[in-house]
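Chain residues, written in single-letter form:
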Amino acid sequence: VARQPYRFPQAGTRETGSGVFRLTVRNAMAHLDSEVKEECLREDLKFYFMNPCEKYRARHQIPWKLGLQILKIAMVTTQLVRFGLSNQLVVAFKEENTVAFKHLFLKGYSGTDEDDYSCSVYTQEEAYESIFFALSQYHQLKNISLGTLGYGENEDNRIGLKVCKQHYKKGTMFPSNETLNIDSDIEVDCVHLDLSTYPQEWKNSSFFRLEFYRLLQVEISFHLKGIDLQTIHSRELPDCYVFHNTITFDNKAHSGKIKIYFGSDAKIEECKDLNISGSIQKNTQYVLAFDAFVIVICLASLILCTRSIVLALRLRKRFLNFFLEKYKRHVCNADQWEFINGWYILVIISDLMTIIGSILKMEIKAKNLTNYDLCSILLGTSTLFVWVGVIRYLGYFQAYNVLILTMQASLPKVLRFCACAGMIYLGYTFCGWIVLGPYHDKFEDLNTVAECLFSLVNGDDMFATFAQIQQKSILVWLFSRLYLYSFISLFIYMILSLFIALITDSYDTIKKYQQNGFPETDLQEFLKECGSKEKYQKEASPFLSCICCLRRKGSDDHLVLMN
């Protein structure tokens, strides 16, 4: 082959070729850098959507949050059970003292309340006897009571009884002539009775000469103090109580029947001087140390979950910027919400409530606070959230994941359906209250009506609801039948069936998706461009291999994204 002679380039050609070469190299480097960034982003996304066991296989990252949540479930549940047993003693002491007070201060109390009041009287003699019986029992309380009770000071820092009566200012009434002349202004007269005077002297007081035709009510109030000693058997410090008791003789109806109400408001106060020997103090220190450890565990869980959410938001921002730069369009809202892990938010709320509740529990244990109700709400709700969070880990199994996916798919439709059905329910509630209220005990107030209708929807107490309607008015009786039959037919046969159908439809849709594949979003299509996760996975230890039995098949990768 003849060799071609070498030809020198023309002037200026070298510079031009060099510039083209540099431009080509620069473009190639930029393209390579873009591909590297894209691959890194894709790898980070795949790693983010792995479950804890897959993350361990991929990078040998120990699932600290998983272990911490398991430990937290055990500790929070133990703490709640111990607090519940302690709170049970408090509730029992209050209820038993209330029953004892009713037997002590209410004349002829049978042991069972009549509707919402304790007992009633029907003659003037019975009214006077009931009033002076309560005064006499209070005067000799220490000699007749079986409990650890003593006299307490009232709002005026005085020991004794406070008796107040309400009555119309003035008036005359002649029922036989059907005439009435009364001033509707209400006067309140009060008197303080201390222990220095005897009940017989109180009877002679002009204050107790009651004019029943204009009397509205008589209220007797007094304070008692008590100490709960049963907590000692549970190796806890005893509580000191102040009982604010009120006996009300209600004559507002002027129907010939005076209803007697007894109210007891118990408050726990710090005991001023406790001197108890034994091992109670050491047990209290152990409980406080356990509560402090629960706070540390929840604080660590709170920090880890907050860190995960912050990292997820940063990853979300990277993905949104990359997608907008490469594809020139925004990511759909569904894919954006995939980065917001609702389980982490639930765990954070649970941790905050547990920390606050544990601090209150420690203060209660040390007898510095007495707010059992707030502490119970915080610890109870936090434990509820902790156990609900277990569903997240059950969701790694495909069989259990159906429940979570069905709830997610059906929730929006169910909420919209309940909003429409609620309008009908409220209409029936108001109608039943105004029409059937005077003739049926279950329709006396709005709250009771709503509870009664909800029971009917669930098929409870149907016959009793039909049977208890008073047949004083034929028109109302006929309306009650039309009202009840239409409500039961509408809500049980139509609305409840449609409600179940919505959930069933979502369940069938999820089952079809699991068999044929879920609709792929932009995020899932972007992740599919990457190779399988096997290149990240390394041999796990035998112990973790036993734990990490949750490993999915390749065809189930879409379920990871759905969680």
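How each quantity is defined
- Residues numbered from 1 in each chain as written.
- Predicted model: local features only at pLDDT ≥ 70, side-chain atom pairs only at ≥ 80, totals over all residues.
- Heavy atoms only, no water.
- UniProt positions renumbered as here; feature names shortened; annotations may be inferred.
- Helix = DSSP H or I, 4+ residues; strand = E, 2+ residues; numbered from the N terminus.
- Buried < 20%, exposed > 50% of the residue type's maximum accessible area, 1.4 Å probe, protein only.
- Contact = heavy atoms within 4.5 Å.
- Areas by Shrake-Rupley, 256 points an atom, 1.4 Å probe, with all protein chains shown as cover.
- Expected span 1.5 Å × (residues − 1).
- Salt bridge = Lys/Arg side-chain N within 4 Å of Asp/Glu carboxyl O.
- pLDDT = per-residue confidence, 0-100.
- Core = buried A, V, L, I, M, F, W, Y, C linked by side-chain atoms within 4.5 Å.
- Polar contact = N/O pair within 3.5 Å; in protein donor to acceptor, adjacent residues only side chain to side chain.
- Phe/Tyr/Trp six-rings, centres within 6.5 Å; stacked < 30°, edge-to-face > 60°.
- Lys NZ or Arg CZ within 6 Å of the ring centre and 35° of its normal.
- Axes fitted to C-alpha atoms, helices over the stretch in contact; angles between N-to-C directions.
- Parallel < 35°, antiparallel > 145°, perpendicular 65-115°, else oblique.
- Left-handed = near helix turned anticlockwise from the far one by under 90°.
- Nonpolar A, V, L, I, M, F, W, Y, C, P; charged D, E, K, R; others polar.

- Identification of the protein as Mucolipin TRP cation channel 2 from Panthera tigris altaica is taken from an unreviewed UniProt entry.
- The protein has a UniProt comment under Catalytic activity (unreviewed entry) that states "Ca(2+)(in) = Ca(2+)(out)".

### A word on the overall build of the protein
- Tallying secondary structure elements over the protein gives 18 helices and seven strands in all.
- Within the span of the protein, comprising 563 residues, buried residues form 39% of the whole.
- The contacts in the protein between residues at least 6 apart in sequence include a share of 73% that link residues at least 24 apart.
- About 33400 Å² of surface is accessible on the protein, with carbon and sulfur atoms providing 59% of the total.

### Focus on helix α4 (residues 124-139)
- In a regular helix each residue adds 1.5 Å, so 16 residues correspond to 22 Å; α4 covers 23 Å between its end C-alpha atoms and thus fits that length.
- Considered for burial, the residues of α4 that qualify are Ala127, Ser130, Ile131, Phe132, Ala134, Leu135, Gln137 and Tyr138.

### With respect to the pattern of salt bridges
- In total, this model carries five salt bridges according to the counting rule given.
- A salt bridge links lysine 361 to aspartate 291, with the nearest nitrogen and oxygen atoms 3.0 Å apart. In this pair, lysine 361 is assigned in helix α9 (residues 342-365) and aspartate 291 in helix α7 (residues 280-327), connecting sequence segments 70 residues apart.
- Among the salt bridges present, the one from lysine 413 reaches aspartate 505, with a minimum N-O distance of 3.5 Å. Pair noted here: lysine 413 is in helix α12 (residues 398-436) and aspartate 505 is in helix α15 (residues 474-516), with a separation of 92 residues, a long-range link.

### With respect to the confidence of the model for the protein
- Residues at a pLDDT of 70 or more form 83% of the protein, whose mean pLDDT is 79.
- Looking over the protein, one finds the lowest element-wise mean pLDDT in helix α18 (residues 557-562), namely 35, and the highest in helix α13 (residues 446-457), namely 91.
- The low-confidence segment residues 1-15, where pLDDT is below 50, has zero contacts with residues more than four positions distant or belonging to other chains.
- Across residues 531-563 the pLDDT falls below 50, and counting only partners more than four positions away or on other chains, this stretch makes 57 contacts in the model.

### Here we look at the UniProt feature "transmembrane region" (unreviewed entry) in the protein
- Mapped onto this numbering, the UniProt entry gives "transmembrane region" (unreviewed entry) at residues 286-313, 343-360, 372-394, 414-436 and 482-503.
- Taken end to end, residues 343-360 comprises 100% helix and 0% strand; its first and last C-alpha atoms sit 26 Å apart.
- Secondary structure over residues 372-394 splits into 96% helix and 0% strand, and the C-alpha atoms at its two ends are 34 Å apart.

### What about the nonpolar core?
- In this structure, Phe105, Leu135, Phe208, Ile220, Leu224 and Ile247 are the most contacted members of the largest nonpolar core, which totals 48 residues.
- When residues no more than four places from it in sequence are discounted, the contact partners of phenylalanine 208 are Tyr128, Ile131, Phe132, Leu135, Val163, Leu193 and Trp202.

### Observations regarding the side chain of histidine 167
- Note on placement: histidine 167 falls in strand β3 (residues 161-174).
- Looking at histidine 167, the relative accessible area reads 7%, which means it is buried.
- Separated by 3.0 Å, the side chains of histidine 167 and arginine 214 make a polar contact.
- Dropping the residues within four chain positions of it, histidine 167 is found in contact with Asp185, Ile186, Glu187, Asp189, Arg214, Leu215 and Leu216.

### So, the packing of aromatic side chains
- For the coordinates displayed, the defined rule picks out 24 aromatic pairs.
- Note on phenylalanine 417 and phenylalanine 499: the rings are 6.3 Å apart at their centroids and 40° apart in plane angle, and the pair reads as tilted. On the criterion of sequence distance, the pair formed by phenylalanine 417 in helix α12 and phenylalanine 499 in helix α15 is long-range, its members being 82 residues apart.
- By relative accessible area, which is 19% here, phenylalanine 417 ends up buried.
- Ring geometry for tyrosine 425 and phenylalanine 491: centres 5.9 Å apart, planes at 75°, overall edge-to-face. Here tyrosine 425 is found in helix α12, whereas its partner phenylalanine 491 is found in helix α15, with 66 residues between them in sequence.
- Geometry around phenylalanine 207 places lysine 165 over its ring, the cationic atom sitting 4.7 Å from the centre.

### Brief notes about the side chain of histidine 440
- The residue histidine 440 is located in the loop between α12 and α13 in this model.
- At 2.9 Å, the side chain of histidine 440 forms a polar contact with the backbone oxygen of threonine 465.
- Ignoring any residue separated from it by four or fewer positions in sequence, one finds histidine 440 in contact with Ala464, Thr465, Gln468 and Ile469.

### Topic: the packing of α13 against α15
- One way to put it is that α13 packs onto α15 with a least axis distance of 9 Å and a crossing angle of 55°. If you check the angle between α13 and α15, you find them oblique. Here α13 runs over α15; the crossing is right-handed. Counted together, Leu453, Leu456 and Val457 of α13 and Tyr483, Leu484, Phe487, Phe491, Ile492 and Leu496 of α15 form the full contact between these two elements.
- In terms of residue class, the contact of α13 with α15 is built from nine nonpolar, no polar and no charged.

### Considering the environment of isoleucine 424
- Tracing the sequence through the fold places isoleucine 424 in helix α12.
- Classification of isoleucine 424 as partly exposed rests on a relative accessible area of 35%.
- Put simply, isoleucine 424 and phenylalanine 491 are 67 residues apart on the chain and 9.4 Å apart in space, counted from C-alpha to C-alpha.
- With residues up to four places along the chain from it excluded, the contact list for isoleucine 424 reads Leu490, Phe491 and Ile495.

### Describing unusual backbone geometry
- Of note, histidine 254 is a non-glycine position whose phi angle comes to about 50°, a positive value.
- Residue placement: histidine 254 occurs in the loop between β6 (239-250) and β7 (258-269).
- Positioned with a positive phi, aspartate 461 is a non-glycine residue whose angle comes to about 60°.

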